[in-house]
Amino acid sequence: MGAYEALYRKWRPQSFEDIVAQPHITRTVRNQIMRGKTAHAYLFTGSRGTGKTTCARIFAKAVNCLNPKNGDPCLECEICRDAEAGTLTDIIEIDGASNNGVDEVRNLRENASFLPVRCKYKVFIIDEVHMMSAGAFNALLKMIEEPPEYVKFVFATTEIHKVPATILSRCQRFDFRRILPADIAGRIRYIAEHEQFTVSEAAAHRIAVLSDGGMRDALSLLDQCAAISDAVELETVEEAVGVAGTESVFLILRAATEKNASAALERIDLLYQQSKDMTRFADEISQQLRNLMLLKTAPDDASLLDIMPEELEQLKAIAALYSLPGIISALSAVRQCCDRMTRAGNRRMELEMTIIRLCADQQQQSGDIKALTNRIAALEQQLAAIQANGVPVQQAAPPKRRQPAPAKNVPTQNLQVDAKTDEKQFVAVKNWAAVLERFFDINPAVAGLLNNSSAYIYAEKNILLVCVRNMLFRRLFKQTDAVMLLDAAEQILGTRYQLRYKVLEQEADQTAPAEILMQRAQSDGIRTGIQEDAGV
Ligand SMILES: [Zn+2]
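**Quick notes on the coordination of the zinc ion**
Right, so step 1: Bound to the zinc ion are the protein donor atoms Cys65 (SG), Cys74 (SG), Cys77 (SG) and Cys80 (SG), situated 2.2 to 2.3 Å from the metal.
Right, so step 2: Each of the four donor atoms around the zinc ion contributes to a set of angles spanning 99 to 118 degrees, which defines the coordination as tetrahedral.
Right, so step 3: The sequence motif formed by the donor residues of the zinc ion is C-x8-C-x2-C-x2-C. Across the pair, cysteine 80 and cysteine 74 agree in class, each one buried.

Structure (structure tokens):
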């Protein structure tokens, strides 16, 4: 028995016909080969694992094959066999990342000046071509401007924007698409049929989704799973990758609508103890929120969802608990969390804060809907009365004012302003609600922290004082949020202020939902990263 060969090498497609996922490219290239009208330079672009290098190698074989079949290499002639063995000097593969200097390109030019030894064409395949230096690109440009008849170039890149326009304009460009999860799953099942292991449908689908459209990543992951077990199940995949599993994601999403931060934090603690990857978990939550959003927008079209049929029913039940704005605001908060997690030191804490915020926001959303429903009911009552009596009647209950009236004594004690500052200098901002609305548009994730807030302007010092009624404000409101708030204020009020804030004591009935949940979670004895790491 020979050395173990990685699945992605062993099962690399050998012909254009094998490449199922890029028909728009393989069809065109095969036609060109059949008609003998190939270009002298190609540029293959697309994300990793989408088949660029594989296509380039098949192309090199196909143009030189002694008995090509419908534009595909025969795989049997001496040229095909030697190309496969890597012993054909006329097919030259270069890694642009490690051969990126002017000297390397000069060597290449010298090589290109000699006729091919055994083949019809000399084919240069340059991978990661965007890594070349400016000087190397210039030397390359001279080569592809007037290439000898017998030379073909295939460039491959994941970063097309780094390739100079002068090169782009001289190449025929093909864009490789991400491979659909269904196509990857199909390939995995096909490979398993010919290997010494089995893969369940759910496991194949999970691998496909996790590999994000890249076949190479998918097959590497399959390798990893097959090393754990001969019968690859969903659990095998989750163990191999350290992902939490859909069950945990659904639990968190349900907990958010039930305002059950305790249950959510408990699960995060459990996953943390099991050494699950917190960043990946946040990513999974955001993927399912995306599914919820699509389900809410187009309930009858499940084809857009990356999900197994069994999970679809559960997801539909969860979707019924959410409003569309609630989903979008949650998705935005989790995406921001993912961003911060890539930079921040304490990923667990970032995730916990976001989950608590999610629980609070969903409560807020359902509260708003309740208020709206009451308001509609009152209006309907009024309308019925008008129709019956022909005269308008007094509204049963006036709608609650969004904003509390400006306090008589503006609290300024924590301000970094002159001790002499006269409190009377602060003037209440009348259209603060409009500023908050604008802020909600640009930063919905933290806008909820400013519910029931009021604001004052000290014109002489150019200060905007915001009085906040949410105890989590200090912890969750970041510098970047402050800049966005000032942007919103500038758009509505026409002036760029300096921001000062004060967190007011809570009145019993106005305690922020997030704070209640936080306290409840902590009094339930649930460990949170916030407690441990922020020294609270
Ligand atoms: Zn051949």
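**Focus on the sheet that holds strand β9 (residues 454-458)**
Right, so step 1: With respect to topology, four strands assemble into an open sheet ordered β8-β9-β10-β11, the strand pairing being mixed. Strand pairing shows two members of the sheet lacking a second neighbour, β8 (427-428) and β11 (498-503), which therefore form its edges.
Right, so step 2: The pairing of β9 with strand β10 (residues 463-468) spans five bridges and is antiparallel. The residue bridging tyrosine 456 from the neighbouring strand is leucine 465, located in β10.

**Quick word on the confidence of the model for the protein**
Any segment with low pLDDT has predicted coordinates that should not be analysed in fine detail.
Right, so step 1: Residues at a pLDDT of 70 or more form 82% of the protein, whose mean pLDDT is 82.
Right, so step 2: Counted against residues more than four places away or in other chains, residues 391-421, with its pLDDT under 50, gives 42 contacts.
Right, so step 3: Of the regions scoring below 50 in pLDDT, residues 531-536 engages in twelve contacts with residues more than four places distant in sequence or in other chains.

**Some details on the packing of aromatic side chains**
Right, so step 1: Taken as a whole and assessed by the stated rule, the structure comprises nine aromatic pairs.
Right, so step 2: With a centroid separation of 6.1 Å and 65 degrees between ring planes, the pair formed by phenylalanine 44 and phenylalanine 174 is classed as edge-to-face. Here phenylalanine 44, found in strand β1 (residues 41-45), pairs with phenylalanine 174, found in strand β5 (residues 172-175); they are 130 residues apart in sequence, far enough to count as distant. Side by side, phenylalanine 44 and phenylalanine 174 carry an identical accessibility label, which is buried.
Right, so step 3: Summarising the aromatic geometry, the rings of phenylalanine 426 and tyrosine 458 are spaced 5.1 Å apart at their centres and angled 50 degrees between planes, so their arrangement reads as tilted. With a gap of 32 residues between them, phenylalanine 426 in the loop between α17 (347-389) and β8 and tyrosine 458 in strand β9 connect regions that are remote in the sequence. In terms of burial, phenylalanine 426 and tyrosine 458 fall into one category: buried.
Right, so step 4: Every member of this aromatic cluster is reached through a ring pair, and the members are Tyr42, Phe44, Phe59, Phe174 and Phe176.
Right, so step 5: The positively charged end of lysine 152 is found above the aromatic ring belonging to tyrosine 121, 4.7 Å away from the centroid.
Right, so step 6: Taking NZ or CZ as reference, arginine 348 lies 4.4 Å from the ring centre of tyrosine 272, over its face.

**Section: the sheet that holds β1**
In sheet architecture, strand pairing relies on hydrogen bonds along the backbone and comes in two forms, parallel and antiparallel.
Right, so step 1: The sheet built from five strands is open, its strands ordered β2-β3-β4-β1-β5 with parallel pairing. The sheet terminates laterally at β2 (91-95) and β5, the two strands that pair on one side only. The sheet shows a mean angle of 15 degrees between the axes of neighbouring strands, direction not considered.
Right, so step 2: Looking at chain direction, β1 and strand β4 (residues 151-157) are connected through five bridges and run parallel. For alanine 41, the partnering residue across the bridge sits in β4 and is phenylalanine 153.

**A word on unusual backbone geometry**
Right, so step 1: Despite not being glycine, leucine 75 has its phi angle at roughly 70 degrees, a positive value.
Right, so step 2: Counting through the fold element by element, leucine 75 comes out in the loop between α3 (52-64) and α4 (78-85).
Right, so step 3: Phi at serine 275 is positive, roughly 60 degrees, even though this residue is not glycine.
Right, so step 4: Relative to the elements of secondary structure, serine 275 occurs in the loop between α13 (261-273) and α14 (278-297).

**A look at the pairing of β1**
Right, so step 1: Of all five residues making up β1, five are buried, and the element is well covered by its neighbours.
Right, so step 2: Residue alternation in β1 divides its side chains into two sets, Ala41, Leu43 and Thr45 and Tyr42 and Phe44, and both sets are buried.

Rules behind the numbers
- Residues numbered from 1 in each chain as written.
- Predicted model: local features only at pLDDT ≥ 70, side-chain atom pairs only at ≥ 80, totals over all residues.
- Heavy atoms only, no water.
- Donors = N, O, S within 2.8 Å, 3.2 Å for Na, K, Ca; no water.
- Tetrahedral: all angles 85-135°; square planar, octahedral: opposite > 155°, others 65-115°.
- Buried < 20%, exposed > 50% of the residue type's maximum accessible area, 1.4 Å probe, protein only.
- Pairing = 2+ DSSP bridges.
- Helix = DSSP H or I, 4+ residues; strand = E, 2+ residues; numbered from the N terminus.
- pLDDT = per-residue confidence, 0-100.
- Contact = heavy atoms within 4.5 Å.
- Phe/Tyr/Trp six-rings, centres within 6.5 Å; stacked < 30°, edge-to-face > 60°.
- Lys NZ or Arg CZ within 6 Å of the ring centre and 35° of its normal.
- Axes fitted to C-alpha atoms, helices over the stretch in contact; angles between N-to-C directions.

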